[in-house]
Amino acid sequence: MKKKALLLYISRFSGHYRAARAIEAGFAELTEEVEVTKINALGYTNPVLGKIINRAYMEVIRKRPEIWERMYDNPEVMKRTQKVREALHRFNMAKIGRLVKKYSPDAVFCTQAFPCGMMSDYKRKFLSDVPLIGVLTDHAPHSYWLNNEVDYYVAPSVETANRLKEKGVPGERIRVYGIPVDPVFASRRDKDIALSMVGLKSGKPVVLIMGGSQGLGAVEETVLSLVSDRKRDYQLMVVTGSNTRLLKRLQKTVIQGNAGEVKLFSYVDNVDILMDAADVIVSKPGGMTTSEALVKGLPIVIVKPIPGHERMNTDYLLSKGVAIEVKDMGLLHAKLNELFDDRQKLKGMKDKALEIAHPESAVDTARLLFEAQRCSTMST
């Protein structure tokens, strides 16, 4: 009889969803005897509220990121919103119960804190023994993750694990497996083959520019800066994600006269190929994107991180020597030129990236289904 895994995330265009997909791929690598179901938890329980929250988040990030910085993991904000969160969880309890009853999972994996909190409340109220696994997708273990009913936390790094311990999580409940990355990233293609697959030439530096699943950050600014740089003949691959407006603007302003040197992509499923073709990546430091880059040994140039979780991601990556941060966009092309001129530094960043990467992260996380089941059986 097949085991069943329920994977809960929020938002279709997000790192949380990509992490859920990676765990699903991890199960496929392990065995065919696991039935996987992925659910957008916020869309399932509160579809209208989910759209409102996502829209508000996007507006704050674009226009007033300092507000998000003040709100992120703020004990005062947590205290003020506690009753609202508890009421929302009570309202959603019946739906969560129907979800658990429908799929009868042998374990629930949450790649975002909101569904993890709902499942924790469900376990506590109904004394459910279904194993619950919280999978962090950033190096920022904010307090919304903390629930006694979580059986295991999957942490991106030792540093993140230590912060979880400081917040009171027992060490035996933490596994440092890394952010789940699709196993396909562990395989590397010949660079010339990858270049051919995306329509670029060998012999010229290739820069991959991304802004996460929703095309956020300084993507347009980065592209315009590098296209105007006449000191270096760069080839650019630009991924705009679900941001169709950004894609259309770049098609109008950049492609004309640069068709052979700039490749534009919307939401893609072949990021692994793009990374095989690239020499560096310029991006905001989302947990998923940077974890994939590390597995590929791809040096990271960080621009305009979102305050809060991405600031913490940035600090971690800088401390490990796998990234540089460019705070003044007017200096981006100069900093990039310096990096390409210093081949020893570039190689050192690649080597360090591979040292801290977790290519087996998705498979290791998937294995927790069986470990959690063994522990549950022993406790009963």
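Before any of the text, the structure's been laid out above.
Because the structure is predicted, anything quoted here is derived from the model rather than measured.

Chemist: Help me understand the sheet that holds strand S4 (residues 132-135), please; the structure alone is not making it clear to me.
Modeler: What links the strands of a sheet is backbone hydrogen bonding, and the strands pair in either a parallel or an antiparallel sense. Spatially, S2-S1-S3-S4-S5-S6 is the arrangement adopted by the six strands of the open sheet, whose pairing is parallel. Every other strand in the sheet has two partners, leaving strand S2 (34-40) and strand S6 (174-176) as the edge strands with one partner each. Mean inter-strand twist for the sheet, computed between neighbouring axes without regard to direction, equals 20 degrees. One ladder, built from three bridges, connects strand S5 (residues 152-155) with S6; its direction is parallel. If you follow alanine 155 over to S6, its bridge partner there is valine 176.

Chemist: How should I be thinking about the nonpolar core in this particular structure?
Modeler: Soluble, globular proteins show a tendency: their nonpolar side chains are buried together. Counting 33 residues, the largest nonpolar core has Leu208 and Met237 as its most contacted members. Those elements that provide at least two residues to this core are helix H8 (191-198), strand S7 (206-210), strand S8 (235-239), helix H11 (271-277), helix H12 (287-295), strand S11 (300-303), helix H13 (309-319) and helix H15 (343-356). It is H11 that provides the largest number of residues to this core, a total of five residues.

Chemist: Before we go on, may I ask you to explain the pattern of salt bridges in this structure?
Modeler: When charged atoms on two side chains of opposite charge get close, those side chains can pair. Going through the model one piece at a time under the given rule, you end up with 20 salt bridges. For the salt bridge of aspartate 269 with arginine 21, the shortest nitrogen-to-oxygen distance reads 3.1 Å. Of this pair, aspartate 269 sits in the loop between strand S9 (262-265) and H11 while arginine 21 sits in helix H1 (residues 15-30), and the two are 248 residues apart along the sequence. Residue classification places arginine 21 among the partly exposed positions, given a relative accessible area of 30%. The salt bridge partner of glutamate 325 is arginine 311, with a shortest N-O separation of 3.0 Å. Residue glutamate 325 is found in strand S12 (residues 323-326), and its partner arginine 311 is found in helix H13; the two are separated by 14 residues along the sequence. The network of salt bridges with common partners includes Arg189, Asp272, Asp276 and Lys296.

Chemist: For this particular structure, what's the right way to read the environment of valine 326?
Modeler: Within the secondary structure, valine 326 is located in strand S12. Owing to a relative accessible area of 4%, valine 326 belongs among the buried residues under this scheme. In this structure the C-alpha to C-alpha distance between valine 326 and valine 303, which are 23 residues apart in sequence, comes to 5.5 Å. Those residues in contact with valine 326, other than ones at most four positions away along the chain, are Val301, Ile302, Val303, Leu331, Leu332 and Lys335.

Chemist: Even after reading the chapter, I still don't get the sheet that holds S12, so can you show me in this structure?
Modeler: As summarised here, the arrangement of the six strands in space is S9-S8-S7-S10-S11-S12, forming an open sheet in which the pairing is parallel. Both outer strands of the open sheet, S9 and S12, are each paired with one neighbouring strand and no more. Adjacent strand axes in the sheet meet at a mean angle of 20 degrees, parallel and antiparallel pairs treated alike. In this sheet, strand S10 (residues 280-283) lies alongside S7 in parallel orientation, the contact comprising four bridges. The partner of isoleucine 209 across the bridge, within S10, is valine 282.

Chemist: Got a minute to help me understand the packing of helix H9 (residues 219-227) against helix H14 (residues 332-341) in this structure?
Modeler: The geometry of a pair of packed helices is captured by two quantities: the angle between their axes and the separation between those axes. Following both chains from N to C, one finds H9 and H14 inclined at 65 degrees, their axes separated by 9 Å at the closest point. By the angle between their directions, the pair H9 and H14 is classed as roughly perpendicular. Remark: the crossing between H9 and H14 carries right-handed chirality. Two secondary-structure elements touch here, H9 through Thr222, Ser225 and Leu226 and H14 through Leu332, His333 and Leu336. Classifying every residue of the contact of H9 with H14 by side-chain character gives three nonpolar, three polar and no charged.

Chemist: Looking at this model, I keep getting lost on a nonpolar patch on the surface. Mind explaining?
Modeler: On the surface, Val48, Leu49 and Ile52 cluster together into a nonpolar patch covering about 250 Å² of accessible area. Considering the arrangement of structural elements, one finds leucine 49 in helix H3 (residues 47-63).

Chemist: How should I be thinking about the side chain of threonine 222 in this particular structure?
Modeler: By the secondary structure assignment, threonine 222 is in helix H9. By relative accessible area, which is 0% here, threonine 222 ends up buried. Apart from residues lying up to four places away in sequence, threonine 222 is in contact with Ile209, Val282, Val303, Met329 and Leu332.

Cut-off values and rules
- Residues numbered from 1 in each chain as written.
- Predicted model: local features only at pLDDT ≥ 70, side-chain atom pairs only at ≥ 80, totals over all residues.
- Heavy atoms only, no water.
- Pairing = 2+ DSSP bridges.
- Helix = DSSP H or I, 4+ residues; strand = E, 2+ residues; numbered from the N terminus.
- Axes fitted to C-alpha atoms, helices over the stretch in contact; angles between N-to-C directions.
- Core = buried A, V, L, I, M, F, W, Y, C linked by side-chain atoms within 4.5 Å.
- Buried < 20%, exposed > 50% of the residue type's maximum accessible area, 1.4 Å probe, protein only.
- Salt bridge = Lys/Arg side-chain N within 4 Å of Asp/Glu carboxyl O.
- Contact = heavy atoms within 4.5 Å.
- Parallel < 35°, antiparallel > 145°, perpendicular 65-115°, else oblique.
- Left-handed = near helix turned anticlockwise from the far one by under 90°.
- Nonpolar A, V, L, I, M, F, W, Y, C, P; charged D, E, K, R; others polar.
- Patch = residues over 30% accessible without salt bridge, like charges linked within 9 Å, V, L, I, M, F, W, Y side chains within 5 Å.
- Areas by Shrake-Rupley, 256 points an atom, 1.4 Å probe, with all protein chains shown as cover.

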